[in-house]
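# Architecture at a glance
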Amino acid sequence: MFTLKLKSVSLLGALVLAMRLAAPIALPAAPAPGQTWQAPAALAISSDGRQLFAACARAHRILVLDAETLAVTASIALPDMPTGLVLSTNGRTLYVTCAAPAGSLVVLDIPRRKILRRIPAGHTAMAPVLTPDEKTAYVCNRFNNDISVLNLVSGKETSRIAVEREPVAAALTPNGKLLVVANHLHNGRADAERVAARVSLIDTATGKLLKNLPLPNGSGILNDVAISPDGRYACVTHVLARFQLPTTQVERGWINSNALTLIDLDTLSVINTVLLDNAESGAANPWTCGWSPDGTTLFVTHAGTHEVSLINFSGILARLAKLPENLQDRLTADYTTGSRVKADVVNDLAFLTGLRERIKLNGKGPRAAVAKGNRLYVASFFSDTVEIINLQHSQTPLLLQARLTADLPMSENRRGELYFNDASICFQGWQSCASCHSDDARVDGLNWDLLNDGIGNPKNTKSMLLAHRTPPAMSMGVRDTAETAVRAGLRSILFTVQPEEVPRAIDTYLKSLTPIPSPIVVSNAFASRIKAGEKIFNSTKAGCSACHPRGLFTDLQHYDVSTNNQTDKPGEAFDTPTLAEIWRTAPYLHDGSAATLREVLVEHNPADRHGSTSHLTPSQLDALICYLLSL
Ligand code: HEC
Ligand code: HEC
């Protein structure tokens, strides 16, 4: 039983707290600088369990908290937005990834509250991990699609390891031999039968990729990966999209379900994928996952429904092991779940029955969690709260809660970002806008058969960047403006009715999006090719700028550029899309049929009906692609 003398709340208290956005139990003094939101994105805890560190994405600082009282004891300013952090075993050095086009790993001296050095890494560095000897760090460079290997002794990057697309999380086995990397998105075309992101497995001795492990069809928006304390298993959180079905209903995970994939690190294979939802209540946007230090409990935060799942790990393994591969070799039938064979599990909304507790948090947007002893610390991105959950909870899960900032009013923009990521406004909590558009309102790389333009003609998810400035909305222009599309999205994709304040705030948030500089612009290596490509783009012969003029890169008109497929009507015209930030929105065209820009310009343009590209030499074509990737 838990014996710490904390201000714990009774079950009744916890329920009352859960029903409103709770008044904080402990309210530490707000950290000094200018009353900004902190937006905690990652947590670490010292090995003695006394200090908690929060990487605060919006305030660009590290907050140090007393792990007993949750009082803020120090605040350390950083040069850029922190995305992840890891602490040395002696608790003296904190390594923080900072996201920027030229990202870095910032090394902090904790006792002296000082930045010791800044080791350059790649574009939007995140998710740092330390080797057991603490001489090397691995960092995910989200927009370079690779991993930096950083020598912490020399303070230099020693190499890069290519992975798939948008690595956002990594974990190392306790012996330091295997690095497991979660790629946020798949990198193929979207009109294939199988479309799923993969997990990259890297042998650290050679720095070589061992394999890219495919997750089940529809897996995407991977957010975290963790390795069990004994090093035998990894778990990955992700969305499981039922993209093959028309989006006629949201019940029972018909559009998106929310999943955890377990990987066997001995055989380097997927054990199975388990749904985190219940039959009548989705558990949207699974984010952080991990094990309790004793390995018995698996935790997952649900950033969309503001919950934590605590899962009996040996129970899950035993239940999975009982299932036969196919019905012929059925040994025992477990009638407590709907699954009769292994392959059923991925569709089984009852699989976790009896093995999992869902705990409602008071915070909004739990994106960070760390376990120590019997406690789970959870930080919520939108409410600036930290909550301590009792891993042995049964009756009283919430031990203590505190806010990182004094009560700040939320701007309309921030409220909009919250709603965009908030599945509690969706019928039964199945998904949020972020389930398809990701948490920063871009793409999932999937095709969806939305009903607004008829049925049986799936369309590739569009980025929200510039959506409000480039009417009409949707690739067939079926919504006159993005404002209309936002309201239609609430009604027909989240199946909810919301007061006007909700879509208005979402509009404000989406209008505030700005393009992220392309990785190709960050490095000078491509400058001359980009210039040459720009010339071609603007030439009358190629004709690109006629429809994609500089500025918005769309003339807001629609055309038939011979990109129709069998499910489109002959001669169907499509809205000219903006090309801003096209480097990160693959696959391309209204039906996601082009995995790369080269495919758009070559395979999909044989008759020069989409600008003229057939006259281009290979090097001119390269230059044009370079230019497009720079926008
Ligand atoms: C099931 C996946 C899914 C979900 C959930 C979803 N969208 Fe979309 N969204 C799409 C797809 C696919 C398109 C592109 C459709 C097309 O081109 O016809 C799109 C397009 C849009 C557009 C038009 C962009 C443009 O420039 O034309 C807006 C605006 C939009 N979505 C807003 C939202 C909002 C707001 C939410 C949450 C209320 C949301 N979406 C939830 C899949 C989704
Ligand atoms: C006649 C107008 C027109 C011209 C000329 C034109 N485009 Fe397009 N472009 C479009 C339309 C319409 C689409 C959408 C087609 C679709 O979705 O199937 C599009 C789509 C694209 C896309 C895919 C964007 C995405 O997000 O999926 C790229 C890349 C692109 N164009 C580049 C070019 C280049 C490079 C040229 C010059 C060689 C060019 N376009 C010439 C109208 C035009």
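Residues numbered from 1 in each chain as written. Chains lettered and ligands numbered in written order. Predicted model: local features only at pLDDT ≥ 70, side-chain atom pairs only at ≥ 80, totals over all residues. Heavy atoms only, no water.

### What about the site of ligand 2?
Residues in contact with ligand 2 amount to 24 residues; listed here are only the nearest, Cys544, Cys547, His548, Thr563 and His610. Between an oxygen atom of ligand 2 and a main-chain N or O atom of leucine 589, the distance comes to 2.7 Å. Note that an oxygen atom of ligand 2 is positioned 2.7 Å from one of the side-chain N or O atoms of histidine 590. Elements with a minimum of two residues in the shell around ligand 2: α9 (544-547), β32 (574-575) and α10 (597-601). Broken down by element, the residue count for the shell around ligand 2 peaks at three residues, all from α10. (Near = heavy atom within 4 Å. Polar contact = N/O pair within 3.5 Å; in protein donor to acceptor, adjacent residues only side chain to side chain. Helix = DSSP H or I, 4+ residues; strand = E, 2+ residues; numbered from the N terminus.)

### Let's talk about the pairing of strand β21 (residues 286-291)
On a regular strand, each side chain points to the face opposite its neighbour's, so the side chains alternate between the two faces of the sheet. The buried count for β21 comes to six of six residues, which makes it a mostly enclosed element. Relative to strand β22 (residues 297-302), β21 runs antiparallel, the two being bridged by four bridges. Looking across to β22, one finds that glycine 290 is bridged to phenylalanine 299. Where β21 folds back onto β22 in an antiparallel hairpin, the turn is made up of five residues, including glycine 295, whose phi is positive at roughly 75°. (Buried < 20%, exposed > 50% of the residue type's maximum accessible area, 1.4 Å probe, protein only. Pairing = 2+ DSSP bridges.)

### Digging into the coordination of the iron atom of ligand 1
On the protein, His437 (NE2) is the one donor atom to the iron atom of ligand 1, at 2.1 Å. Topologically, histidine 437 is positioned in helix α4 (residues 434-437). (Donors = N, O, S within 2.8 Å, 3.2 Å for Na, K, Ca; no water.)

### Considering the domain arrangement of the protein chain
Along its sequence, the protein chain is organised into domain 1 (415-511) and domain 2 (519-630). Taken together, the contact pairs 22 residues of domain 1 with 20 residues of domain 2. For domain 1, the biggest contributors to the area lost against domain 2 are Asn460, Ser475 and Met476; these three give 25% of the whole. The residue glutamate 581 makes a salt bridge to arginine 442 at a minimum N-O spacing of 2.9 Å. Counting every contact that joins domain 1 to domain 2 gives five residue pairs in polar contact (both at pLDDT 80 or more). (Domains from an automatic or database assignment. Contact = heavy atoms within 4.5 Å. Buried area = accessible area lost by both parts, 1.4 Å probe. Salt bridge = Lys/Arg side-chain N within 4 Å of Asp/Glu carboxyl O.)

### Thoughts on the packing of aromatic side chains
If you walk through the whole model with that rule in mind, you get seven aromatic pairs. Seen in terms of ring centroids, phenylalanine 143 and tryptophan 583 are 5.2 Å apart; in terms of plane orientation they differ by 90°. Their pairing is edge-to-face. With phenylalanine 143 in the loop between β10 (136-141) and β11 (146-151) and tryptophan 583 in the loop between β32 and α10, this residue pair connects regions lying 440 residues apart in the sequence. Tryptophan 583 shares its class with phenylalanine 143; the two are buried. Look at tyrosine 233 and phenylalanine 313: their rings are 5.3 Å apart centre to centre, the planes differ by 75°, and that puts the pair in the edge-to-face class. One end of the pair, tyrosine 233, is in strand β18 (residues 233-241); the other, phenylalanine 313, is in helix α2 (residues 313-322), with 80 residues separating them in the sequence. On the accessibility criterion, tyrosine 233 (10% relative accessible area) is buried. Among the aromatic side chains, those forming a connected cluster through ring pairs are Tyr233, Trp291 and Phe313. Above the plane of the ring of phenylalanine 351 lies arginine 319, whose end atom (NZ or CZ) is 6.0 Å from the centre. Just above the ring of phenylalanine 381 sits the side chain of arginine 367; from NZ or CZ to the centre is 4.0 Å. (Phe/Tyr/Trp six-rings, centres within 6.5 Å; stacked < 30°, edge-to-face > 60°. Lys NZ or Arg CZ within 6 Å of the ring centre and 35° of its normal.)

### Topic: the sheet that holds strand β15 (residues 198-203)
Here four strands make up an open sheet; going across it, the order is β13-β14-β15-β16 and the pairing antiparallel. Both outer strands of the open sheet, β13 (165-172) and β16 (208-214), are each paired with one neighbouring strand and no more. Sheet twist, expressed as the average angle between the axes of neighbouring strands with direction ignored, equals 25°. Where β15 lies against β16, six bridges are found, and the strand directions are antiparallel. In the strand pairing of β16, leucine 201 is matched with lysine 211. (Axes fitted to C-alpha atoms, helices over the stretch in contact; angles between N-to-C directions.)

### Observations regarding the site of ligand 1
Near ligand 1 you find 24 residues, and of these Cys433, Cys436, His437, Met474 and Ser475 are the closest. Between ligand 1 and histidine 437, the relevant distance is 2.9 Å, taken from a nitrogen atom to a side-chain nitrogen or oxygen of the residue. The contact in question runs from an oxygen atom of ligand 1 to an N or O atom on the backbone of serine 475, over 2.8 Å. Elements with a contribution of two residues or more to the shell around ligand 1: α4, β30 (459-460) and α5 (482-492).

### What about unusual backbone geometry?
For the peptide bond that leads from proline 471 to proline 472, omega is -5°, which places it in the cis range. Secondary-structure assignment places proline 472 in the loop between β30 and α5. In this structure, the amide linkage connecting alanine 586 to the following residue, proline 587, adopts the cis form with an omega of -5°. Mapped onto the secondary structure, proline 587 falls in the loop between β32 and α10. Of note, methionine 474 is a non-glycine position whose phi angle comes to about 75°, a positive value. Among the structural elements, methionine 474 can be located in the loop between β30 and α5. On the accessibility criterion, methionine 474 (24% relative accessible area) is partly exposed. For leucine 556, which is not glycine, the phi torsion reads 65° and is therefore positive. The residue leucine 556 is located in the loop between α9 and β31 (558-559) in this model.

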